[in-house]
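A look at the structure
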Amino acid sequence: MTQPEPTPTEIQRLGWETFKQKLLQLLATNPREWVAFHGETQAALHESKQEVYRLLQEQGIPLTEVVVTKIEPLGPPVDLRRPRRRARRQ
């Protein structure tokens, strides 16, 4: 029995996890450049975001399946699902 093909969301999730795993290495070798991951594969790397998208298009990789991000340190996680409550001033 064959396994079902992964969905675009699953491929993106794997791409994001792969990016996080390789981030320290990418920061050391290519800081402030743009990178694209298609699942576990680094599909493109360039100084220009537009060039990364051009390279992805050239390879025929669906944009719904990639993670494109700038190589820079990650900040703390932010939960955008709930608005943050501001403290009231007295």
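Look up a bit, the structure's there.
Residues numbered from 1 in each chain as written. Predicted model: local features only at pLDDT ≥ 70, side-chain atom pairs only at ≥ 80, totals over all residues. Heavy atoms only, no water.

What about unusual backbone geometry?
Backbone geometry places Arg32, a non-glycine residue, at a positive phi of 65°. Looking at the secondary structure, you find Arg32 in the loop between helix H1 (8–29) and strand E1 (34–38). (Helix = DSSP H or I, 4+ residues; strand = E, 2+ residues; numbered from the N terminus.)

Details of the environment of Glu17
Summarising the element assignment, Glu17 is placed in helix H1. The partly exposed category is assigned to Glu17, whose relative accessible area is 36%. There is a polar contact of 3.3 Å between the side chain of Glu17 and the side chain of Lys20. (Buried < 20%, exposed > 50% of the residue type's maximum accessible area, 1.4 Å probe, protein only. Polar contact = N/O pair within 3.5 Å; in protein donor to acceptor, adjacent residues only side chain to side chain.)

Some words on the packing of aromatic side chains
Across all of its chains, the model carries 2 aromatic pairs by this definition. Ring centres 5.3 Å apart and planes at 35° place the aromatic pair Trp16 and Phe19 in the tilted group. Residue Trp16 and its partner Phe19 are both found in helix H1; the two are separated by 3 residues, about one turn of the helix. Note on Trp16: relative accessible area 32%, which makes it partly exposed. (Phe/Tyr/Trp six-rings, centres within 6.5 Å; stacked < 30°, edge-to-face > 60°.)

A look at the side chain of Glu33
By the element assignment, Glu33 lies in the loop between H1 and E1. In this structure, Glu33 is buried with no salt-bridge partner, the nearest side chain bearing the opposite charge being Arg32 at 8.8 Å. (Lys, Arg positive; Asp, Glu negative; His and termini not counted. Salt bridge = Lys/Arg side-chain N within 4 Å of Asp/Glu carboxyl O.)

Overview of the pairing of strand E2 (residues 41–46)
Both E1 and E2 contribute to a ladder of 5 bridges, which runs antiparallel. Of the residues in E2, the one forming a bridge with Val35 is Leu45. In sequence, E1 turns back onto E2 through a hairpin of 2 residues, with Gly39 there showing a positive phi of about 65°. (Pairing = 2+ DSSP bridges.)

Notes on the nonpolar core
Ranked by size, the top nonpolar core spans 10 residues in total: Trp34, Ala36, Ala43, Ala44, Val52, Leu55, Leu56, Ile61, Val66 and Val68. Per-element tally for this core: the top contributor is helix H2 (residues 49–59), with 3 residues. Look past the residues within four positions of Trp34 in its chain and what remains in contact with it is Ala44, Leu45, His46, Glu47, Ser48, Lys49, Val52, Val68, Thr69 and Lys70. Residues Leu23, Leu26, Phe37 and Ile71 belong to the second largest nonpolar core, which totals 6 residues. (Core = buried A, V, L, I, M, F, W, Y, C linked by side-chain atoms within 4.5 Å. Contact = heavy atoms within 4.5 Å.)

With respect to the pattern of salt bridges
Taken as a whole, this structure holds 3 salt bridges when the rule is applied. Note that Glu17 and Lys20 form a salt bridge whose closest N and O atoms lie 3.3 Å from each other. With a gap of 3 residues between them, Glu17 and Lys20 both fall in helix H1, about one helical turn apart. In this structure, the salt-bridge partner of Arg54 is Glu58, at a minimum N-O distance of 2.7 Å.

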